[in-house]
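# Structural features, examined
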There are 2 protein chains.
Amino acid sequence: MAVQRFIDYVKKMEHYEEALSVIYWDMRTGAPKKGLAQRSEVIGTLSASLFDMQTSEELGELLTVLEAQKEELDYVTLRLVEEVRKNYDNNKKIPAHEYKEFVILQSKAEAVWEEAKAENNFALFLPYLEEIIAWQKKFIGYWGMKNGSPYNTLLDQYEPEMTTEILDRVFGELRTTIVSLVQKIAASSNKPDTSVLFKHFPREEQRALSLEILAQLGYDFDAGRLDESVHPFMIGLNHGDNRITTKYDEADFRSAIFGTIHECGHAMYEQNIDAKLDGLPLAQGTSMGIHESQSLFYENFVGRNEKFWEHNYERLQKYSPAQFGEVALADFLRAINMVEPSLIRIEADELTYALHIMIRYEIERDLFNGDLQAKDLPQIWNAKYEEYLGIRPETDAQGVLQDMHWSGGMFGYFPSYALGLIYAAQWKHAMDKDIPNFDDLLANGELLPIREWLSDKVHQYGALKKPFELLQAATGEGLNGHYLANYLQDKYTKLYQL
Amino acid sequence: MAVQRFIDYVKKMEHYEEALSVIYWDMRTGAPKKGLAQRSEVIGTLSASLFDMQTSEELGELLTVLEAQKEELDYVTLRLVEEVRKNYDNNKKIPAHEYKEFVILQSKAEAVWEEAKAENNFALFLPYLEEIIAWQKKFIGYWGMKNGSPYNTLLDQYEPEMTTEILDRVFGELRTTIVSLVQKIAASSNKPDTSVLFKHFPREEQRALSLEILAQLGYDFDAGRLDESVHPFMIGLNHGDNRITTKYDEADFRSAIFGTIHECGHAMYEQNIDAKLDGLPLAQGTSMGIHESQSLFYENFVGRNEKFWEHNYERLQKYSPAQFGEVALADFLRAINMVEPSLIRIEADELTYALHIMIRYEIERDLFNGDLQAKDLPQIWNAKYEEYLGIRPETDAQGVLQDMHWSGGMFGYFPSYALGLIYAAQWKHAMDKDIPNFDDLLANGELLPIREWLSDKVHQYGALKKPFELLQAATGEGLNGHYLANYLQDKYTKLYQL
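Residues numbered from 1 in each chain as written. Chains lettered and ligands numbered in written order. Predicted model: local features only at pLDDT ≥ 70, side-chain atom pairs only at ≥ 80, totals over all residues. Heavy atoms only, no water.

### Regarding the overall build of chain A
Helix and strand content of chain A: 21 helices and three strands. Scaling as 2.2 N^0.38, a compact globule of 498 residues should have a C-alpha radius of gyration of about 23 Å, and chain A matches this with 23 Å. With respect to the three principal axes, the spread of C-alpha positions in chain A is 65 × 50 × 50 Å. Here chain A, with 498 residues, has 58% of them falling under the buried criterion. Looking at chain A as shown, the accessible area adds up to about 20300 Å², and 50% of this sits on carbon and sulfur atoms. In chain A, 50 side chains carry a positive charge and 78 a negative one; their mean positions are 1 Å apart. (Helix = DSSP H or I, 4+ residues; strand = E, 2+ residues; numbered from the N terminus. Rg over C-alpha atoms; globule rule 2.2 N^0.38 Å. Buried < 20%, exposed > 50% of the residue type's maximum accessible area, 1.4 Å probe, protein only. Areas by Shrake-Rupley, 256 points an atom, 1.4 Å probe, with all protein chains shown as cover. Lys, Arg positive; Asp, Glu negative; His and termini not counted. Charge placed at Lys NZ, Arg CZ, Asp CG, Glu CD.)

What follows is the structure in structure tokens.
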């Protein structure tokens, strides 16, 4: 009885989430601008109803009842209770009026951040950033410390059970490998010619190619669609509706093609969750890092792999003959795998990307666990860029102000991006044992066994298993950066003939 | 205080309506099919919440309080109370369990209707149709008779204050004119060559032309967008978001072009409602018939007008040169204005369309006000087609089973289509006094003064004024079919040189 009431209640909350997601998708894919003001009132009304449900006494009582009879619950219900409890406490422990104050501050801080970035004026943003950090510290007080430190509480919200102890070790080792590779590449005179990347590639042809590649990867078009937006994203509306967007830049086809492959990795994760979780909050990715491991697996281990392009290069040439017709595959591969330290995270290449993340991680960790002050951020930021990447931002707009995450209070999120890379290399290492002919499959365009392996080890479980549980079951170990380090070492030594 | 609480309450209901409309639009424009099962659960949850709001004691009390202080209310609030009361009573007077039973019957009846149509088996559908009619009669008992007869109660739901007395007179006179014209045309040997209509016109070119025409008509793309769906429709999400869909048939361009113009008429109605009604249920068309008068005004009085094509024919030729390059404008105009009695309503031409509606109207009226029995429908239907259109369906699938309306209990709706034609001709007659150079404007592609006139007389009021109030203010009279009769008489006498 209580179980069914609880499940019905939880599903109803999911229905509100799904309605809000449809509206969100629509706003990002062409909703007319004059309708947006009222649309945001619609969002406000539905969100308020959802928040009432999420924090109701009724839900609290259902949780208490079920927690008292844990022994009688099946595994899915048990995990469901655990997940809902986590969100319930997260929402409920903050006094409603304080949360409201924080939401107002958030939206102000985001606006000020945008202005500060445009004007390259960190001082303008600083008081808001300080306030945001103070609130986060207060919230950590309400939530209670998880895994022994304030910053671990934040990490746990995006990556359950992740700690600074693990990250310090794994990131530290990885950094040594990457920094050394970057330095060797910088010193090498063997640079790729990248001019081929920036020639005109018509939008419609990019779209047609994207659709062909999606089909090849195993994207289910009956459970999704491809649209265009300013920033590519995947949105999981429900198990049978996981939509992708991409961005067609006619002067740089990489944003559409690699963006599509990346988002397809996210979408296939949610398309292949076990149907028994349908309609439950467990029917989603288990963490930000695991989600990112699926998108980055496809983007890097498939999409930047030479065998993938052995199969697809003729197709690419067909869609943009003037651009690629006279370029050898080997030169194309070197161009799309070019390494160059840069200041802007979202433009970084596969090798240097993790360094951008490590810098943000260290800063966040020290803000919450140590005595780093917000006012010192520009100086610390620039010093770390110089140390890890060998370049120094000339302005704060190109430095500490570049990302919007902190203006919204999203501390603890950045590590997910690098974790995605590390997990992806771990999946690849484990997959090699089961699929020794991985490269042949790519060369033949037979990508379904890869999706099936990932579905078997990761996708099907949704949020039923936590990151470390998945990792242990599939690889027999915990977080291990060596596989990524080895992969990068091998790949870039070969590509740059170091 | 009560006024503000009432307005907030009503706006919240509108937010739910809008969320449901976004979902509806999405389902009709490409939502992936595997997500639809769960999406319908989302719709169920939001609809149930909305229904609870629509029938709550709280709303009932707010209405009672405001109705007791009518003298103090401004005009907008007064009309708002009136509208909300009408819907409240409609929803509340039917016992909830009976309504639920009816909804279940509805969905069964629709499925059976589909089967019966496919199998040409009226007997299969008959028991469901009888039950649907019995429920409607029971509901009329709950609602109470409006304007003196049971069928008038149904009419009033779609067209406030409309009665059989008015319709019998106006439809009767109009029928005489149309039937006589149809007979003359049938007897004429002067038939247009319509082969030009059915040549290949690529989808993308149809879309580009549709967009150009929309811009010319005055459609605001910042408050709408054009998409594709199986059946064209317009959906008003809010004042700043009124979306159009059309259907691209590469073997018959008329469905896209005239469909787009038609839906644009609907959309411009809602785009030009006074902003002071934003967020209220008054910010929509005042009736189905008035709404249809806007779409049909543009489709027929603009889109089928020779002057419109004087301006646009070269453009059309440019988009499909092989099709239209060698065809004279005069021949094109005769082809798109071809008259031919046909069995299927939705394929009917401008002249015969109203006859299809009159047949349905007379049958509905006699079902509810007289002693016509559902079992006699096929026989009555066929006899009326023979009498009015001179052709007789050979099967019920092509006859009484062709429309889905009755399977859903939509009695009283059909007359709106013919009312739209009649109103449109009345607007045109009144407009001629203010815009004597109407034809010149069309010939020059200057269509904005036409939209402005319609906005001034109709659009701006939304549902603030009722149909007859709008009509009286703009034309100085009530419903009058003579203008439509005269227009058709003039136009088709000339086109067919009768």
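There is more to say after this.
### Details of the pattern of salt bridges
Taken as a whole and judged by the stated rule, the model has 77 salt bridges over all chains. The closest approach of N and O atoms between E350 of chain A and K491 of chain A, which form a salt bridge, is 2.9 Å. Taken together, the positions of E350 of chain A in the loop between α14 (329–336) and α15 (353–369) and K491 of chain A in helix α21 (residues 482–495) put the pair 141 residues apart, joining distant regions of the chain. Since its relative accessible area comes to 15%, K491 of chain A is described here as buried. Note that D366 of chain B and R365 of chain B form a salt bridge whose closest N and O atoms lie 2.9 Å from each other. Overall, the relative accessible area of 18% leaves R365 of chain B in the buried class. A cluster of three or more residues bridged by salt bridges with shared partners is formed by E18, D241 and R243 of chain A together with D26 and R39 of chain B. (Salt bridge = Lys/Arg side-chain N within 4 Å of Asp/Glu carboxyl O.)

### Some points on the packing of helix α1 (residues 2–28) of chain B against helix α2 (residues 36–54) of chain B
Residue and element names in this part refer to chain B. For the pair α1 and α2, the least separation of the axes is 10 Å and the interaxial angle reads 160 degrees. Viewed along their axes, α1 and α2 adopt a mutual orientation that is roughly antiparallel. The hand of the α1/α2 crossing is left-handed. Counted together, Y9, K12, M13, Y16, E17, A19, L20, I23, D26 and M27 of α1 and L36, R39, V42, I43, L46, S47, S49, L50, D52, M53 and Q54 of α2 form the full contact between these two elements. Of the residues belonging to the contact of α1 with α2, the class tally is 13 nonpolar, three polar and five charged. (Axes fitted to C-alpha atoms, helices over the stretch in contact; angles between N-to-C directions. Parallel < 35°, antiparallel > 145°, perpendicular 65-115°, else oblique. Left-handed = near helix turned anticlockwise from the far one by under 90°. Contact = heavy atoms within 4.5 Å. Nonpolar A, V, L, I, M, F, W, Y, C, P; charged D, E, K, R; others polar.)

### Structural notes on the interface of chain A and chain B
In this complex, chain A contributes 36 residues to the contact, which on the side of chain B involves 36 residues. With both sides pooled, the region where chain A packs onto chain B buries about 3000 Å², and carbon together with sulfur makes up 51% of that total. The largest share of the area that chain A buries against chain B comes from H15, P32 and Q38 of chain A, three residues that together contribute 20% of it. Summed over the shared surface of chain A and chain B, the result is ten salt bridges. When the shortest N-O distance is used, the salt bridge between R39 of chain B and D241 of chain A registers 2.9 Å. Linking chain A with chain B are 30 residue pairs in polar contact (both at pLDDT 80 or more). Breaking the side of chain A that touches chain B down by element, the ones donating at least two residues are α1 (2–28), α2 (36–54), β2 (234–238) and β3 (241–246) of chain A. With nine residues, α1 of chain A is the largest single contributor of residues to the side of chain A that touches chain B. Per-class residue counts for the side of chain A that touches chain B are twelve nonpolar, eleven polar and 13 charged. (Buried area = accessible area lost by both parts, 1.4 Å probe. Polar contact = N/O pair within 3.5 Å; in protein donor to acceptor, adjacent residues only side chain to side chain.)

### Topic: the side chain of N152 of chain A
Within the secondary structure layout, N152 of chain A lies in helix α7 (residues 150–158). Aside from chain neighbours lying at most four places away, what touches N152 of chain A is K146, N147, M162, T163 and T164 of chain A.

### Here we look at the environment of F102 of chain B
Residue and element names in this part refer to chain B. Mapping F102 onto the fold places it in helix α5 (residues 96–119). Take F102: its relative accessible area is 5%, and that puts it in the buried class. For F102 and Q136, which are 34 residues apart along the polypeptide, the C-alpha to C-alpha distance reads 9.3 Å. Those residues in contact with F102 that lie beyond four places of it in its chain are I132, W135, Q136, F139 and G408.

### So, the environment of G240 of chain A
Inspection of the secondary structure puts G240 of chain A in the loop between β2 and β3. As for G240 of chain A and N272 of chain A, which are separated by 32 residues in sequence, their C-alpha atoms are 9.2 Å apart. Excluding residues that lie within four positions of it along the chain, G240 of chain A makes contacts with D222, A223 and G224 of chain A together with P32, K34 and G35 of chain B.

### A short note on the domain arrangement of chain A
Residues and elements named next belong to chain A. For chain A, the assigned domains are domain 1 (2–92) and domain 2 (145–498). Averaged C-alpha coordinates put domain 1 and domain 2 at centres separated by 29 Å. Counting from both sides, the interface comprises 20 residues of domain 1 and, opposite them, 25 residues of domain 2. Across the domain 1 to domain 2 interface the summed buried area is about 1900 Å²; carbon plus sulfur atoms make up 63%. In this assembly, domain 1 and domain 2 are joined by two salt bridges. Elements with a minimum of two residues in the side of domain 1 that touches domain 2: α1 and α4 (75–92). In terms of residue class, the side of domain 1 that touches domain 2 is built from nine nonpolar, three polar and eight charged. (Domains from an automatic or database assignment.)

### Quick word on the relation of the copies chain A and chain B
Rotating chain A by 180 degrees and translating it 0.0 Å along the rotation axis places it on chain B, where the RMSD comes to 0.0 Å. Both copies are brought into coincidence by an operation consistent with a two-fold rotation axis. Among all residues of chain A, the minimum C-alpha distance to the rotation axis is found for A19 of chain A, at 3.5 Å. Both copies share a contact surface, since 100% of the interface residues of chain A are interface residues in chain B too. (Least-squares fit on C-alpha atoms with pLDDT ≥ 70 in both.)

### Points about unusual backbone geometry
All names here are of chain A. Even without a glycine there, the phi angle at Q497 is positive, about 45 degrees. Inspection of the secondary structure puts Q497 in the segment after α21. Taking the relative accessible area as the measure of exposure, Q497 reaches 63% and is therefore exposed.

### Quick word on the packing of aromatic side chains
Residue and element names in this part refer to chain A. Under the counting rule described, the total for this entry stands at 69 aromatic pairs over all chains. Each ring, one from Y158 and one from Y413, has its centre 5.2 Å from the other, and the planes form 80 degrees; the classification is edge-to-face. Residue Y158 is found in helix α7, and its partner Y413 is found in the loop between α16 (377–389) and α17 (415–434); the two are separated by 255 residues along the sequence. For the pair W406 and F414, a centre-to-centre distance of 6.1 Å together with 85 degrees between the ring planes defines the contact as edge-to-face. (Phe/Tyr/Trp six-rings, centres within 6.5 Å; stacked < 30°, edge-to-face > 60°.)

### So, the sheet that holds β2 of chain A
Residues and elements named next belong to chain A. One open sheet holds the three strands; their spatial order is β1-β3-β2, and the pairing between them is mixed. Every other strand in the sheet has two partners, leaving β1 (226–228) and β2 as the edge strands with one partner each. The mean angle between the axes of side-by-side strands here comes to 30 degrees, regardless of whether they run parallel or antiparallel. As judged from the three bridges shared by β1 and β3, these two strands associate in the parallel manner. The partner of E228 across the bridge, within β3, is T246. Across the sheet, α1 touches β1, β2 and β3, and the angle it forms with β2 is around 145 degrees. (Pairing = 2+ DSSP bridges.)

### What to know about the sheet that holds strand β1 (residues 226–228) of chain B
Residue and element names in this part refer to chain B. In spatial order, the strands read β1-β3-β2; together these three strands make up an open sheet with mixed pairing. The open sheet is flanked by β1 and β2 (234–238), the only strands paired with a single partner. Looking at each pair of strands side by side, their axes are set apart by 30 degrees on average, direction ignored. Together, β1 and β3 (241–246) form the strand contacts of helix α9 (residues 203–217), whose direction differs from that of β1 by roughly 150 degrees.

### Observations regarding the pairing of β3 of chain A
Residue and element names in this part refer to chain A. Of all six residues that make up β3, six are buried, and the element is covered over most of its length. The side-chain alternation of β3 yields two buried faces, one formed by D241, R243 and T245 and the other by N242, I244 and T246. Sheet topology places β2 next to β3; four bridges connect them, and they run antiparallel. In the sheet register, N238 faces β3, and the bridge partner there is D241. Hairpin remark: β2 followed by β3, antiparallel, with two residues in the connecting loop.

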